[in-house]
Each structure stands twice: as structure tokens, then as C-alpha cells.
Amino acid sequence: MLLSLRIENFALIDTLDLTFTDGLNVLTGETGAGKSILLDAIDLILGGKALSSMLRTGESRTLLEASFSLTPNLNTWLADTDIDPLDDLLVCSREISTQNTLRSRFRVNGVVVNKQQVAQLREQLIEVTAQGQAVQLGRADRQRQCLDGFGGEPLLKQRQQVTKAFARWQNITTELNTFRQNEQQRLQNIDLLRYQLQELDAANLSDPNEQTNLEQELQRLSHSVELEQQSYQVYQLLYEQDQGDACGDLLGQAESVLIDMSQYDSQLEPILELVQQALTQVQEAGSLINAYGNTVETDPEQLQSVEARLMELKQICRKYGPSLEDAIAHHQTIQSQYADLTGEGQSLEELEQTAAEYKAKLQQACAKLTALRQKAAQQLESRILQELKPLALDKVQFQVGLQSISPTQHGADQIQFLFSANPGEALQPLSESASGGEMSRFLLALKACFSQGEGVGTLIFDEIDAGVSGHVAQAIATKLYHLSQNHQVLCVTHQPMIAAMADAHFQVQKQVVMQGAKSARTKTAERTVVQVTSLDDQQRRQELAEIAGGQTTQQALTFVDSLLQQAGQVRQSYANGKTATQSKKAKKRAVNSA
Ligand SMILES: Nc1ncnc2c1ncn2[C@@H]1O[C@H](COP(=O)(O)OP(=O)(O)OP(=O)(O)O)[C@@H](O)[C@H]1O
């Protein structure tokens, strides 16, 4: 429940402190007096859109603060958010400043909070019903929200299921369409890769040095005759010269001479050693070249096969190289691309099957939602009719039309509120057939349907009585009073009958005052100021007379007294009804326990 409101430097308000009561709080005042400014302040505190034009002219900072009584749910929210209760209060404030840019800060019990947190609080603290909502209520989406809200937790949960199922079905449908578009390209790619794979598989590539090795072998095979002859020539030079001494013979001779010499001079021994090593190496080289010469042979078949393989590798490298190493890497890459494109991913058939399954699940979820909506629609129809009856609409017909449409994220139902205020006349869409006053009462009845049990603490009505008069206004007054017995109600009205039902009555006035003269040179200037007075009984009679008749004549005051008497009767009959219901319940409990 809203306990108090403090406003500083906002629109036409300098400073304002208001204390509210439980039950029905009524704000009255002439048109343009500033009633909506107060509601705007409450809206801003709880997350409404801030504009720099909202600040009091000449001021750069506004402070708005509302105190609410705590409820178990609010206590839980405070505990979850790590904010301490403040003397059993919840104090929400908003500071808006305009130094260069518009800045705004929300606080709860002095702790800075963000907009989402304020939005969570708002759901529990206030619900505003304004004239503009009549237009919104004509919209199909708003009517759907109303019906779903009325259906409660099970219906809202099912709607979430539908939203999830729809998102899944939409995703798979997009995937499927993309898959279909890509299919032609995919099949072409598979063909191309298959051809390349066959070619590369056949080439049997594994060693990146194969080409270099084969080129060397080619040289050897194509010069085998020369190599054989030259090997023999080298062997002779080193080892067995036909004519003259071979290198080995000459080194042997040098060795003998050096052996003799070193008998006389031991300094020659290292030289002897070098000659002996040279001799050993020459002998080894001779034996190796001899062996090599024996292996070299002319092999035209091998030469042909090397040439053919080299030709093949060159072609492969031209297509997939430039080097053999690149061609081998390309082979590995296309192997995995081919695997990706063929069968290892999802096939078109699999995707089509999954899409069909998701669609069936979506349809099932929608069907369940439709069934819950049908049930909720029946209940809402009878509840609305029940609530409209005392609002001087006892002959009204109301129906919630449900028409099947293709599934959407909100289900597969087109919802339309159908209404007829006049007996014998066909039901028409609410937005087309209800008059302004009928729409206001419909809004009020709808609010009443939602307002039983736990819910928001404060219901705010901004001129819900627009366009009505006489006994209809009285019916609205009675309904507002009934609502105020379960919730605190804050109501802006021009109707004396509604104002007469108030538990607390505030008069909003706009005055022009002289301000300034802070120094001798400063001129005084006119300023418009909104003031709010909490009326005592006497003041209240005067204000009621003012709004009833426009002047406080004796006649108007007599009318006001009759209104206050009528209000007393409404209170009394509500109290009697409540007592009767309570004793009925007590009796039932006694019977049950006996
Ligand atoms: N941000 C603002 N700055 C200055 N003046 C403003 C601002 N907002 C509203 N006003 C003025 O304050 C006055 C009160 O406006 P408000 O809408 O609160 O009146 P009201 O009492 O709700 O009137 P009605 O009964 O006609 O709806 C009007 O003269 C309006 O032009």
C-alpha cells in the first residue's frame, strides 16, 4: 500500500508531501489543476519514462519519493536483493537531473537499483488504469493478454511451452530452407570432390620427397653405361692401373720410404701415419667404387616406370600443388570435406522428419493452450457479466471469441472480445460497439476480475468515470469502493458520487503566486504552483458541492449530504454482506468439522 508521496521540483510542484490511507483515496480538482501530475510522479518513481520537460522550470534536479508498506512478497524481494527494510517500509525514490544531459537514478531504501529491479517492484506495488487503456483494450493482443492473465499460472505456463515450441519449429524450418537451397550446390561439390579423390587415391601419395628421389633415380638409370665405365676407370686410378702406377701403389711406395726414414728421425712418424691413413682410404674407396660399378646396370623397364611415375606426379602437382607436399595436404582436406558433405552430417530427410516432429509438437502445445483458453474464456465471460451487472450493464452480452489461426509464438488462436450492451442486438467487436462510458465500466469490471486475492497493493484509476453520469456513476463508485476493500485504491475523478465514497479526499488546486525578490534588484515574478490539500469533513462537503454544482449553494450542499448518506448506505450494505458471508462460512466450517 502507498503510504506517502514526496515531490520536489516537478512540473508545477515546488514541494509536496502527501499521506495516503488504506481504502479509497480520491483526488479531485478542476480540469488542469494538476491531478495527473501526481500520478505521473508515481509512475516515474516506478520506472516511467523521464523527460527533461518534467522538471520544474528553472530547476536542474527533481526528487520523487514514495513509501509503501511491506508485504511478505516485498520482504522476500528485499532479502533477494540484499536491501534492508527501513522501519518496516519500502521507500522508492527517483532523482532526475539535467546538467548537460538527462540523468536519472532509482533507489530503494536508499540503495541504488536498476530499471529491471524497479519493474519487478512495480508489478507488486501499483497497477494503473487510465482512460487511454480503453483504446488499448480494443486491440487483439491486449485482449489476448487479458484472457491469458485471467487463465492464471497453468495457462501462462502452457503459453511459454508454445513460445518455446514455436521458436524450435521456426529454427528448424529456417535450417531446412537453407539446407534445400544449398542442396544443389552440395551435390555439385560432392561430384567434384569425388572425382578429385579418385584421382588422388589412385596416385597413392604418401612421401612428400618421392618426386626428388625419383628425379635422382632417373638420372642414375639414364646414365648407367657412363656410370659403369667411369666406376671402372676410378677403380683403376685408385687401385689397379693397367699401365703405370695406381694411386694405391704410389702411396705404398711412399709408405715404405717413410718407414725407412722414420728409423732415423722419429719426427716423420706423423707424416707416415697420414700416408698410411690415405692408403687405407684409397683402398676402401677403390673397393667401394668397384662394388658400385658391379651394381650399376642398364634397366630400361625401371627407367620407363620411373619416367611414367614422374610424369604422373608432375600432373598431380600441376592440379593440386604446386609442390607434392601441397598436393598431399589437399588430398587430406578434401577427404574431410567429402565426409562432411556426404552423410556424416544431417540429411535432408532427417531434417524434414525433425521439422515434422517439431510441428506436431507445436500443434499439440497450441491445442492444449486453446483448450485452456476456451475454459478461461467461459469463466471470464461469466465473471465479466457478473461484474458488469452492478455497473448498470445488466442486459449486456459478452463473449470471448476464439478463432483458429496458423500457429504463432502466442498460440493458434485469434482472440476477440465481443460485446453488446443492448438486448436483441448482435455481438460486435468490443472496440467497435462499446461507448466511452461502457468501455470505462468494462475496464473496471475487468480490473475487478483480476483483483481478488494476492496481487498489486494499489490500484490507480485515472478518470475511469469519464463519459458517465447519474446512476452509472453511482454504480462505478460502489464498484470502486468494493475494490478498495481488497486493495488500496487511488482514484482521480470529476464525479461527486465517486468522491463521496472516499476514505480520504485530496483536493488538487493550481494557484498563481508571486516569487522572487531575493535581493533588492531582483523583481518578483508570477509562478504557477500546484497544491494538494487533504480535506477534513467540512472542506470535503465544500469540495463535493463545488464539483457537483459548481458553486457552494445550500442546494448543492443538500445534494452533497444526500450523496454522503448514500455512500454510508453502500458501506453499510457491503459490511452487512461481508458479515453474512463470514457467518455462512463459519456455519459451513462448523458443519464440516461436526
Ligand atoms: N511538465 C510540466 N511542466 C509544466 N507544466 C505542466 C507539466 N505537465 C503538465 N503541466 C501543466 O500542469 C497543469 C495540470 O495538468 P494535469 O494534466 O495534471 O491536469 P489534470 O488535473 O489532470 O486535468 P484534467 O482533469 O483535465 O485531466 C496543466 O496546466 C498542464 O499544462
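The structure under discussion appears in the preceding block.
What counts, and where the lines are drawn
Residues numbered from 1 in each chain as written. Predicted model: local features only at pLDDT ≥ 70, side-chain atom pairs only at ≥ 80, totals over all residues. Heavy atoms only, no water. Near = heavy atom within 4 Å. Polar contact = N/O pair within 3.5 Å; in protein donor to acceptor, adjacent residues only side chain to side chain. Areas by Shrake-Rupley, 256 points an atom, 1.4 Å probe, with all protein chains shown as cover. Helix = DSSP H or I, 4+ residues; strand = E, 2+ residues; numbered from the N terminus. Nonpolar A, V, L, I, M, F, W, Y, C, P; charged D, E, K, R; others polar. Patch = residues over 30% accessible without salt bridge, like charges linked within 9 Å, V, L, I, M, F, W, Y side chains within 5 Å. Salt bridge = Lys/Arg side-chain N within 4 Å of Asp/Glu carboxyl O. Lys, Arg positive; Asp, Glu negative; His and termini not counted. Charge placed at Lys NZ, Arg CZ, Asp CG, Glu CD. Buried < 20%, exposed > 50% of the residue type's maximum accessible area, 1.4 Å probe, protein only. Phe/Tyr/Trp six-rings, centres within 6.5 Å; stacked < 30°, edge-to-face > 60°. Axes fitted to C-alpha atoms, helices over the stretch in contact; angles between N-to-C directions. Parallel < 35°, antiparallel > 145°, perpendicular 65-115°, else oblique. Contact = heavy atoms within 4.5 Å. Expected span 1.5 Å × (residues − 1). Pairing = 2+ DSSP bridges. Right-handed = clockwise from strand over helix to strand, strands pointing away. Arc of directions from axis to C-beta.

### Observations concerning the site of the ligand
Working step 1: Residues in close proximity to the ligand total 15 residues, the closest being Thr31, Gly32, Gly34, Lys35 and Ser36.
Working step 2: Alanine 33 has a polar backbone atom sitting 3.2 Å from an oxygen atom of the ligand.
Working step 3: The protein chains hide 64% of the 640 Å² of surface that the ligand would expose on its own.
Working step 4: If you tally residues by element for the shell around the ligand, the top one is helix H1 (residues 35-45), at three residues.
Working step 5: In the shell around the ligand, the residues fall into five nonpolar, six polar and four charged.

### Structural notes on a negative patch on the surface
Working step 1: Negative charge collects at one region of the surface, where Glu228, Glu297, Asp299 and Glu301 lie side by side.
Working step 2: The topology assignment puts aspartate 299 in the loop between helix H9 (269-295) and helix H10 (300-320).
Working step 3: Note on aspartate 299: relative accessible area 31%, which makes it partly exposed.

### Quick look at the packing of aromatic side chains
To describe a pair of aromatic rings, you give the distance between the ring centres and the angle between the ring planes.
Working step 1: According to the stated counting rule, one finds seven aromatic pairs in the structure shown.
Working step 2: Look at phenylalanine 398 and phenylalanine 417: their rings are 5.4 Å apart centre to centre, the planes differ by 85°, and that puts the pair in the edge-to-face class. Here phenylalanine 398, found in strand S9 (residues 397-408), pairs with phenylalanine 417, found in strand S10 (residues 411-420); they are 19 residues apart in sequence, far enough to count as distant.
Working step 3: By relative accessible area, which is 6% here, phenylalanine 398 ends up buried.
Working step 4: Through successive ring pairs, a cluster of aromatic residues spans Phe398, Phe417, Phe419 and Phe442.

### A short note on the packing of helix H2 (residues 72-81) against helix H3 (residues 115-125)
Working step 1: Closest axis-to-axis distance for the H2/H3 pair is 10 Å, and the angle between their directions is 170°. Comparing the axis directions of H2 and H3 gives the class roughly antiparallel. Residue-level contacts link Asn73, Leu74, Trp77 and Thr81 of H2 to Gln117, Gln120, Leu121, Gln124 and Leu125 of H3.
Working step 2: Of the residues in the contact of H2 with H3, the class split is four nonpolar, five polar and no charged.

### Overview of helix H17 (residues 537-549)
Since the α-helix packs 3.6 residues into each turn, any two residues three or four apart lie on the same face.
Working step 1: Look at H17: 18 Å from first C-alpha to last across 13 residues, which is about the 18 Å you get at 1.5 Å a residue.
Working step 2: Those residues of H17 not exposed but buried are Arg540, Arg541, Glu543, Leu544, Ala545 and Ile547.
Working step 3: Two or three places before glutamine 538, at the start of H17, stands the capping residue aspartate 536, its side-chain oxygen 3.2 Å from that residue's backbone nitrogen.

### Examining the pairing of strand S2 (residues 13-19)
Working note: regular strand, side chains alternate between the two faces of the sheet.
Working step 1: Sheet topology places strand S1 (residues 2-10) next to S2; six bridges connect them, and they run antiparallel. Paired with serine 4 across the strands is threonine 19, a residue of S2.
Working step 2: Taking the residues that link successive antiparallel strands as the turn, the S1-S2 hairpin has two residues, and the phi of alanine 11 there is positive, at about 50°.

### Remarks on the side chain of glutamate 381
Working step 1: As for its position among the elements, glutamate 381 is in helix H12 (residues 348-388).
Working step 2: Buried charged residue glutamate 381 carries no salt bridge. Nearest counter-charge: arginine 383, at 13 Å.
Working step 3: A polar side-chain atom of glutamate 381 sits 2.8 Å from the main-chain amide nitrogen of valine 400.
Working step 4: Leaving out residues up to four positions away in the same chain, glutamate 381 has contacts with Phe398, Gln399 and Val400.

### Remarks on the pairing of strand S13 (residues 488-492)
Working step 1: The buried count for S13 comes to five of five residues, which makes it a mostly enclosed element.
Working step 2: Across the two faces of S13 the burial is the same, with Gln488, Leu490 and Val492 and Val489 and Cys491 all buried.
Working step 3: Direction of pairing for strand S3 (residues 24-28) relative to S13: parallel, over a ladder of four bridges. By the bridge assignment, valine 26 is partnered in S13 with cysteine 491.
Working step 4: Here strand S12 (residues 458-462) pairs with S13 via five bridges, running parallel. Across the sheet, the residue bridging to phenylalanine 461 is cysteine 491, located in S13.
Working step 5: A crossover connection joins S12 to the parallel S13 through helix H15 (residues 470-484); in handedness this β-α-β unit is right-handed.

### Side note on helix H8 (residues 247-264)
Working step 1: When the terminal C-alpha atoms of H8 are compared, their 27 Å separation across 18 residues agrees well with the 26 Å that a helix rising 1.5 Å per residue should span.
Working step 2: Of the positions making up H8, those classed as buried are Gly248, Leu251, Gly252, Leu258 and Ser262. Projected down its long axis, H8 shows its buried positions confined to an angular sector of 130°, all on one face.
Working step 3: Looking at the buried positions of H8, the neighbouring elements they touch are helix H7 (224-238) and H9.

### Some points on the sheet that holds strand S6 (residues 101-108)
Working step 1: One open sheet holds the six strands; their spatial order is S2-S1-S4-S5-S6-S7, and the pairing between them is antiparallel. On the outer flanks of this sheet lie S2 and strand S7 (111-113), each paired with one strand and no other. Between one strand axis and the next, the sheet turns through 20° on average, direction left out of account.
Working step 2: As paired strands, strand S4 (residues 61-69) and strand S5 (residues 89-99) are joined by nine bridges and run antiparallel to one another. Opposite phenylalanine 68, over in S5, you have leucine 90 as the bridge partner.
Working step 3: Against the sheet, H3 touches S4, S5, S6 and S7, its axis set at about 135° to S5.

### Re the side chain of glutamine 474
Working step 1: Inspection of the secondary structure puts glutamine 474 in helix H15.
Working step 2: Assessed through its relative accessible area of 12%, glutamine 474 is described here as buried.
Working step 3: Side chain to side chain, glutamine 474 and glutamine 566 meet in a polar contact 3.3 Å long.
Working step 4: Glutamine 474 has contacts with Met497, Gln566 and Val570, leaving out every residue within four places of it along the chain.

### Structural notes on unusual backbone geometry
Working step 1: In this structure, aspartate 82 is a non-glycine residue whose phi angle is positive, near 65°.
Working step 2: Within the element layout of this structure, aspartate 82 appears in the loop between H2 and S5.
Working step 3: Accessibility expressed as a relative area gives 71% for aspartate 82, which makes it exposed.
Working step 4: Phi angles above zero are rare outside glycine, and glutamate 463 is one such case at about 50°.
Working step 5: With respect to the element layout, glutamate 463 can be found in the loop between S12 and H15.
Working step 6: Overall, glutamate 463 belongs to the buried group, its relative accessible area being 17%.

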